[in-house]
Amino acid sequence: MTEQDPRATTGGDGPGTGLRRVLAALAGLLAAAVALGVAELVAALVGPASSPVVAVGDAAITLTPEPVKAFAIRTFGENDKIALIVGTLIVIAIYALVIGLVGLRSRRLGIAGILLFGLVGVVAAVTRPAGGILYGLPALVGALVGAGALLALLSPLQTPAPTSDPSPAPTPAPYGLAGRLRDALGAGDRKGAGMDRRRFFLTSGVAVGVAAVAGGGGRLLQQRFDVAGERGDLALPRPASPAPALPAGADLAPRIEGLTPLVTPNKDFYRVDTAITVPQIRPSDYTLTLKGKFDSPQSYSLQDLFDRDDIIERDITLTCVSNEVGGRLAGTARWLGVPLGAFLRENGIGDDSDQLVCTSSDGMTIGAPTRSALEVEDAMLAFGMNGEPLPVEHGFPVRMLIPGLYGYVSACKWITTIDATTYDAFDAYWVERDWAADGPIKVFSRIDTPAPLRQFPAGRRPIAGVAWAQTRGIARVEVRVDDEDWVEAELSPEVDADLWRQWVLPYDFATGQHDLTVRATSKDGETQTEERAAPFPNGASGWHSVRVITT
Ligand SMILES: Nc1nc2c(c(=O)[nH]1)N[C@H]1C(S)=C(S)[C@@H](COP(=O)(O)O)O[C@H]1N2
Ligand SMILES: [Mo]
């Protein structure tokens, strides 16, 4: 901003100088911060999912076209939700700057802008599948307080300061911090500009304080919804049918650096879902409700499920349809739960149901084929994962698992309802977005080591990775280096057809650049196709290849 007499360019109350505009934009930003902070505080009363930032982000996920979503998952991976929140905040910040500028010209328009912003938050929150009318409260209260903050901040920009002292001496002491700030920013541009900078900065300070205390306090209070404590106190039942012991040497990973371990620790297990705030369900509040085509639909508490005498424990590999060739959206765990087929039969499921619509506490719907639920061995309603209650992000307290199907049609987390219905009657969430209604997994293999574009000295080193074809099992994995013949790799001992298998092939690397390619064959004789397909709409296909350089 160039120094000039502000009175030369504005007539006092007009939209004014560059500085006035900068401060007005700042006022918009601060008003938005106050609105969001207050909304977080109110959300602490209503529930974390009612926070407007979360609700808007959540609505954005629902409304975003699949290709954009796929791009986001590709680009940000499991940080996609953080990216979304940051993106939402950036959009809000830009909007807020504009609101401040608009507010300088017309307060009414500025207020309308903030209320519109609140309305978007209200609509997003109220229309969340798990939301009710109360969910609109945080955005509403936030917007009202934010509008007040905008008025309070704009007012000093449009009223001259009371001119008691015509030549303010730069004596810091009596002014305090605000005074010094004013002096620093106001050098050469005196009170006559028609604004009261001192009052603006004081009000700004208050706004920052309110935003920080309400926002920070709100986030803190929202933690009272956390169920980590209850989860920690939960004792899992013992399985009537424990997982078969792993054969000696079942896991090749300790021998081979960079190879995926046979069992994935919970903290490393991939996570894919649409939940920005992870649903928090108290074990004592949990009910699983059956509806639709059952003889006499019932409800079950967590204790009812724990008390059963047919609990199974199984090692199962779970994979995601969004996994790219070479991707890592797959994991293996030891799951504990109720055998699904027995449970459904005992409740008299009708043979006219071909789809189980599973609903989670946050309103997600996952449509699983009834037939697989009944017939696939080891399909279950799981409540234990690697010896612990399900981690909250992985569906606490109960989720479904059906080996051989991608998670989006089988693995409903935070499951609260199973509706025995038909494909004709209902399209579940992903199917509505044109993903395939059927989700059998494809035969898949991946090179874990050497990593792509690694440079290493020529000589012998293992090429290794994992391969899977759940329910069918892996019969063979072959590796090709450059244009040489396919060579069969050594497989880890087969534990169960529902588990992935590790494979390894020691290879003598000559100096130069090499392309390594892998392909797997299932026990029923299907060799992975070379034909590349993107994950949409029914899972990626194609051989995984990596290029390495030896020196
Ligand atoms: N409630 C709910 N369940 C869900 C999803 C979801 O978005 N919401 N995503 C599904 C998808 S696409 C996959 S691949 C698996 C992932 O399970 P994980 O996060 O435990 O690995 O959960 C499935 N269950
Ligand atoms: Mo998935």
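Q: What's the story with the site of ligand 1 in this structure? I'm lost.
A: Close to ligand 1 lie 19 residues, the nearest being Y270, H394, R399, A411 and K413. Between ligand 1 and T274 there is a distance of 3.0 Å, counted from an oxygen atom to a backbone nitrogen or oxygen. Note that a nitrogen atom of ligand 1 is positioned 3.2 Å from one of the side-chain N or O atoms of S360. Here the residues of the shell around ligand 1 are counted per class, giving 11 nonpolar, 4 polar and 4 charged.

Q: For this particular structure, what's the right way to read helix α3 (residues 52–63)?
A: An α-helix turns once per 3.6 residues; consequently, residues spaced three or four apart project the same way. The first and last C-alpha atoms of α3 sit 16 Å apart over 12 residues, in line with the 16 Å expected at 1.5 Å per residue. Every buried residue of α3 is listed here: P52, V53, V54, A55, G57, D58, A59 and I61. Those residues of α3 that are buried are in contact with α2 (18–46), α4 (66–76), α5 (80–105), α6 (107–126), α7 (137–158) and α14 (429–432).

Q: Help me out: how do you make sense of the environment of G326 in this one?
A: Tracing the backbone shows G326 in the loop between β3 (312–319) and β4 (330–339). Given the relative accessible area of 21%, G326 is considered partly exposed. Taking C-alpha positions, G326 is 10.0 Å from V518, a pair spaced 192 residues apart along the chain. Not counting residues within four places of it along the chain, the set of residues in contact with G326 comprises F444, R446 and H544.

Q: Is there a simple way to explain the confidence of the model for the chain in this structure?
A: Low-pLDDT portions of the prediction should not be read for the details of their coordinates. Confidence along the chain averages 90 in pLDDT terms, with 91% of residues attaining 70 or more. Across residues 1–15 the pLDDT falls below 50, and counting only partners more than four positions away or on other chains, this stretch makes 24 contacts in the model. A low-confidence stretch, residues 166–175 stays under pLDDT 50, and its non-local contacts, those more than four residues away or across chains, total 9 contacts.

Q: Would you take a moment to explain the nonpolar core for this structure?
A: One recurring pattern in soluble globular proteins is that nonpolar side chains are buried together. Core analysis: the biggest nonpolar cluster contains 73 residues, and W335, L381, M400, I415 and I418 have the highest contact counts within it. Counting contributing residues per domain, this core is built from domain 2 (253–432) and domain 3 (444–550), each supplying no fewer than three. With 32 residues, the next largest nonpolar core counts A24, Y135, A143 and F201 among its residues.

Q: Please clarify how the sheet that holds strand β17 (residues 501–509) should be interpreted in this entry.
A: In sheet architecture, strand pairing relies on hydrogen bonds along the backbone and comes in two forms, parallel and antiparallel. With antiparallel pairing, 4 strands are arranged side by side in an open sheet as β11-β13-β17-β16. In this open sheet, the two edge strands, each paired with only one partner strand, are β11 (444–449) and β16 (490–491). Sheet topology places β11 next to strand β13 (residues 459–468); 5 bridges connect them, and they run antiparallel. Within β13, the residue paired with R446 across the bridge is V466.

Q: Could you clarify how one ought to interpret unusual backbone geometry in this entry?
A: Look at the link from F396 to P397: it is a cis peptide, with omega at 5 degrees. Between F536 and P537 the backbone carries a cis peptide bond, its omega angle lying at 5 degrees. Positive phi is not limited to glycine here, since W414 has a value of about 50 degrees. Take W414: it is sitting in the loop between β9 (399–401) and β10 (415–421). For W414, a relative accessible area of 3% translates into the label buried. Of note, T471 is a non-glycine position whose phi angle comes to about 75 degrees, a positive value. Residue T471 is classed as partly exposed on the basis of its relative accessible area, which comes to 40%.

Definitions and cut-offs
Residues numbered from 1 in each chain as written. Chains lettered and ligands numbered in written order. Predicted model: local features only at pLDDT ≥ 70, side-chain atom pairs only at ≥ 80, totals over all residues. Heavy atoms only, no water. Near = heavy atom within 4 Å. Polar contact = N/O pair within 3.5 Å; in protein donor to acceptor, adjacent residues only side chain to side chain. Nonpolar A, V, L, I, M, F, W, Y, C, P; charged D, E, K, R; others polar. Helix = DSSP H or I, 4+ residues; strand = E, 2+ residues; numbered from the N terminus. Expected span 1.5 Å × (residues − 1). Buried < 20%, exposed > 50% of the residue type's maximum accessible area, 1.4 Å probe, protein only. Contact = heavy atoms within 4.5 Å. pLDDT = per-residue confidence, 0-100. Core = buried A, V, L, I, M, F, W, Y, C linked by side-chain atoms within 4.5 Å. Domains from an automatic or database assignment. Pairing = 2+ DSSP bridges.

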